[in-house]
Amino acid sequence: MAAFYSLLAVLALIVIPWLGAGMGMGALFGIVLPYIAIIVFMVGFVLRIVDWAKSPVPFCIPTTGGQQKSLPWIKNNPWDNPYDNKGVVMRMVFEVLTFRSLFRNTTVKLQQEGPKVGYSSEKSLWLFALIFHYCFLVILIRHLRFFLAPVPWAVHVTEFFDSILQIGLPVLYQTDALIVLGLFFLLARRVFDGKVRYISLMQDYFPLLLIIAIALSGIWMRYVVKVDVIAVKELAMGLVTLHPHLPKEAIDPSVYVHLTLVCALFIYFPFSKLMHMGGVFLSPTRVVPNMSRRAMWVNPWNDPTVKPHSYEAYEDDFREKMIEAGLPVEKEA
């Protein structure tokens, strides 16, 4: 039902602007809604980051792998189990650029022999997640040509390599095909994997279906109806320069559908799990060096008026009862 309700919500976001554009409501979906979406996104994103940044970190709780640094002759990996800020930076670089922790993903299966539980490496999620995120990044860079004049050299280079295969007219961008492939794999995983489906909620399905709709509507505009790119850029430049206006040439309703879907993603972003884009840099399980044995970690929530109670003081208070219970003590009664 969560997937069904999410699909209904996305379909509503498609039908409403499509009908609204035919009723002369282009200014609402092409001007008013984008400004609302940008404001909500920026304010929501900043407030969420500030809220996380203000949260105290009471304990040293990094999630690490491998041996912690200890004696000189004991090997350890300073990137998997960093003990200083340099190691944390390298760990975050690999995490953000290559999804290193996701590369270690494992799957659990009930084997027939026994029966017994078996664990095996599962790289498909890492691969398709990497494909989706990098294709999304390239598509965002390509879309800068609608908002900048003149178009930067880096955008032209990105477009050249993205269409280097020179397939069809208009030329097929490889990322257009790959992002759909990655998105449908992630959706199929949630639908057909029983373990993942069991823990999936509407907030898992909705952004996934929303991004799929954005990708498919963009493909529809470029390769099927072939919208007037000049008119679209005129609309986009008006928004960026704070001189919004609808172009004189009529724009296909699919443009307003695509724009509405993107605005919905912007509005939804700060209140969803998609905020992992910013939260990964503030997570104490990621950005704190594992130095719990090398440095004193003071809980910022501790009441300074409460004196610490050492083990020696604890034993002094309960020594007789500990001896009666047969517990070992450092000092005899």
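Residues numbered from 1 in each chain as written. Predicted model: local features only at pLDDT ≥ 70, side-chain atom pairs only at ≥ 80, totals over all residues. Heavy atoms only, no water.

Draft legend 1. Just a nonpolar patch on the surface, in detail. On the surface, Val15, Trp18, Leu19, Met23, Met25, Leu28, Val32, Ile36, Trp220, Val224 and Val225 cluster together to form a nonpolar patch covering roughly 980 Å² of accessible area. Breaking the nonpolar patch down by element, the ones donating at least two residues are helix H1 (2–22), helix H2 (26–54) and helix H9 (202–225). (Patch = residues over 30% accessible without salt bridge, like charges linked within 9 Å, V, L, I, M, F, W, Y side chains within 5 Å. Areas by Shrake-Rupley, 256 points an atom, 1.4 Å probe, with all protein chains shown as cover. Salt bridge = Lys/Arg side-chain N within 4 Å of Asp/Glu carboxyl O. Helix = DSSP H or I, 4+ residues; strand = E, 2+ residues; numbered from the N terminus.)

Draft legend 2. Region of interest: helix H11 (residues 253–268). In a regular helix each residue adds 1.5 Å, so 16 residues correspond to 22 Å; H11 covers 23 Å between its end C-alpha atoms and thus fits that length. Where burial is concerned, most of H11 is hidden: 12 out of the 16 residues are buried. Every buried residue of H11 is listed here: Ser254, Val255, Tyr256, Val257, His258, Leu259, Thr260, Leu261, Cys263, Ala264, Leu265 and Tyr268. Close packing links the buried residues of H11 with H1, H2, helix H5 (124–143), H9 and helix H10 (229–240). (Expected span 1.5 Å × (residues − 1). Buried < 20%, exposed > 50% of the residue type's maximum accessible area, 1.4 Å probe, protein only. Contact = heavy atoms within 4.5 Å.)

Draft legend 3. Spatial organisation of the side chain of Ser163. Following the sequence through the fold, Ser163 ends up in the loop between helix H6 (153–162) and helix H7 (174–192). Reaching out from Ser163, the side chain makes a polar contact with the backbone oxygen of Glu159 at a distance of 2.8 Å. Excluding anything up to four places from it in sequence, Ser163 contacts Val171, Leu172, Tyr173 and Gln174. (Polar contact = N/O pair within 3.5 Å; in protein donor to acceptor, adjacent residues only side chain to side chain.)

Draft legend 4. Main features of the nonpolar core. Core analysis: the largest hydrophobic core is formed by 29 residues, its most contacted members being Ile179, Leu183 and Leu210. Listed by contribution, the elements that provide at least two residues to this core are H5, H7, H9 and H11. With 10 residues, H9 is the single largest residue contributor to this core. (Core = buried A, V, L, I, M, F, W, Y, C linked by side-chain atoms within 4.5 Å.)

Draft legend 5. Just the confidence of the model for the chain, in detail. Within the chain, residue pLDDT values average 89, and 99% of them lie at 70 or more. Mean pLDDT values for the elements of the chain range from 76 in strand S2 (residues 116–121) up to 95 in H11. (pLDDT = per-residue confidence, 0-100.)

Draft legend 6. Representation of unusual backbone geometry within the structure. Cis geometry marks the peptide bond from Ala149 to Pro150, where omega comes out at 0°. Here Pro150 is to be found in the loop between H5 and H6. Positioned with a positive phi, Gln166 is a non-glycine residue whose angle comes to about 55°. With respect to the helices, strands and loops of the structure, Gln166 is situated in the loop between H6 and H7. Although it is not a glycine, Lys226 adopts a positive phi angle of roughly 50°. The class for Lys226 is partly exposed, based on a relative accessible area of 47%.

Draft legend 7. Structural detail: the packing of aromatic side chains. Under the criterion given, the structure shown has 13 aromatic pairs. Where Trp79 meets Phe94, the ring centres are 5.1 Å apart and the plane angle is 35°; that geometry is what we call tilted. Here Trp79, found in the loop between H2 and helix H3 (85–98), pairs with Phe94, found in helix H3; they are 15 residues apart in sequence, far enough to count as distant. Taking relative accessible area as the criterion, Trp79 reaches 34% and is therefore assigned partly exposed. Residue classification places Phe94 among the partly exposed positions, given a relative accessible area of 27%. For the pair Phe128 and Phe185, a centre-to-centre distance of 4.1 Å together with 15° between the ring planes defines the contact as stacked. In this pair, Phe128 sits in helix H5 while Phe185 sits in helix H7, placing the two residues 57 residues apart along the sequence. Each member of the aromatic cluster is reached from another via a ring pair, and the members are Phe41, Phe45, Phe266 and Phe269. (Phe/Tyr/Trp six-rings, centres within 6.5 Å; stacked < 30°, edge-to-face > 60°.)

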